[in-house]
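# Tertiary structure, described
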Amino acid sequence: MTKADLPGVAEDGGVRRHYTGEELYLILRQDLINDRTPGGAVLQENEIAARYGVSRTPVREALQRLHQDNLIGRKGRFYTVVQPPLERIRELYEFREAIEASTIVLCCRRASEETLEQIRAIVEEQQDAADQKRFYDYERLDALFHVAIANGGDNRLLTHQLEVSYDQIWFSKVGNLVSLQEYSVDGTIAEHRRIADALIRRKEDVAKAEMISHLRAAIDVSERSAGPRGKRGKKPRG
């Protein structure tokens, strides 16, 4: 749901809105990602009310709901965008590597040609979303890309485990990299294209290597964004 989808709202934003707390919650959830709001950013009730042309009551209700869903945190009197601990990000992506190193090999072996073309089409949709700065859709398509590969591997247990990890990314913003300064949208899409190309050519070793490199790059981005403190206790690879 976008701002223009709600009753009584002009697409140019010129009409004063009458959002409920639930409607504003859905809009804020999407806009926080579309705007690539960085972790730690303070969310001011009066600024949000002015931006969306509403009173502070629905703003307060929306922020409370976002907080209940662990999408934002609290610092004193203010709500802030969640800043996931680096160690939690590392654990999540190491878990994903263990799962996805298997799912991509199975996808190479078992997926139909139609499924592989659908995977490649997702990458192009993600490129379109990035070009239009629709980062909420960009992240949704990112998850869809990885889950589609798992589905192509035709192993329900592995797919379920991957979906569980994405629930943690989506609902708690753990591993949400698009807001990080070091994150490259173009670089991520290029990695997805190389993975899709290897799948279509049925090159198991290449596809697996590309997937592992892709997931480890996410950890590297998180560590660079965290600075020297985030690199303490870093485990050597290999």
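Residues numbered from 1 in each chain as written. Predicted model: local features only at pLDDT ≥ 70, side-chain atom pairs only at ≥ 80, totals over all residues. Heavy atoms only, no water.

Labelled according to an unreviewed UniProt entry, the chain appears under the name FCD domain-containing protein, originating from Acetobacter musti.

### Topic: the pattern of salt bridges
So the rule is basically this: Within this document, salt bridges are pairs made up of a side-chain nitrogen of Lys or Arg and a carboxyl oxygen of Asp or Glu, the two lying within 4 Å of each other. Helix and strand assignments follow DSSP, with helices taken as H or I runs no shorter than four residues and strands as E runs no shorter than two, numbered in order from the N terminus. Categorising residues by exposure relies on relative accessible area from a 1.4 Å probe, with only protein chains included: less than 20% of the type maximum marks a residue as buried, more than 50% marks it as exposed, and the intermediate range marks it as partly exposed.
Considering all chains together, one arrives at 17 salt bridges under this definition. For Glu 124, the salt bridge identified is with Arg 193, shortest N-O distance 3.1 Å. Here Glu 124 is found in helix α5 (residues 113-131), whereas its partner Arg 193 is found in helix α8 (residues 185-200), with 69 residues between them in sequence. According to the relative accessible area criterion, Arg 193 is partly exposed, its value standing at 35%. In this structure, a network of salt bridges that share partners links the residues Glu 45, Arg 56 and Arg 60.

### Regarding the sheet that holds strand β1 (residues 42-43)
Put simply, the rule reads: For two strands to be treated as a pair, DSSP must find at least two bridges joining them. Note on contacts: a residue pair qualifies if any of its non-hydrogen atoms lie within 4.5 Å across the two residues. Note on geometry: axes are lines fitted to C-alpha atoms, helical ones only across the stretch in contact, with angles between N-to-C directions running from 0 to 180 degrees.
Within the open sheet, the 3 strands sit side by side as β1-β3-β2. Their pairing is antiparallel. The sheet terminates laterally at β1 and β2 (72-75), the two strands that pair on one side only. Across 4 bridges, the pairing between β2 and strand β3 (residues 78-81) is antiparallel. Residue pairing for β3: Gly 73 is matched across the bridge by Thr 80. Contacts from helix α3 (residues 56-68) reach β1, β2 and β3 within the one sheet, and its direction differs from that of β2 by about 105°.

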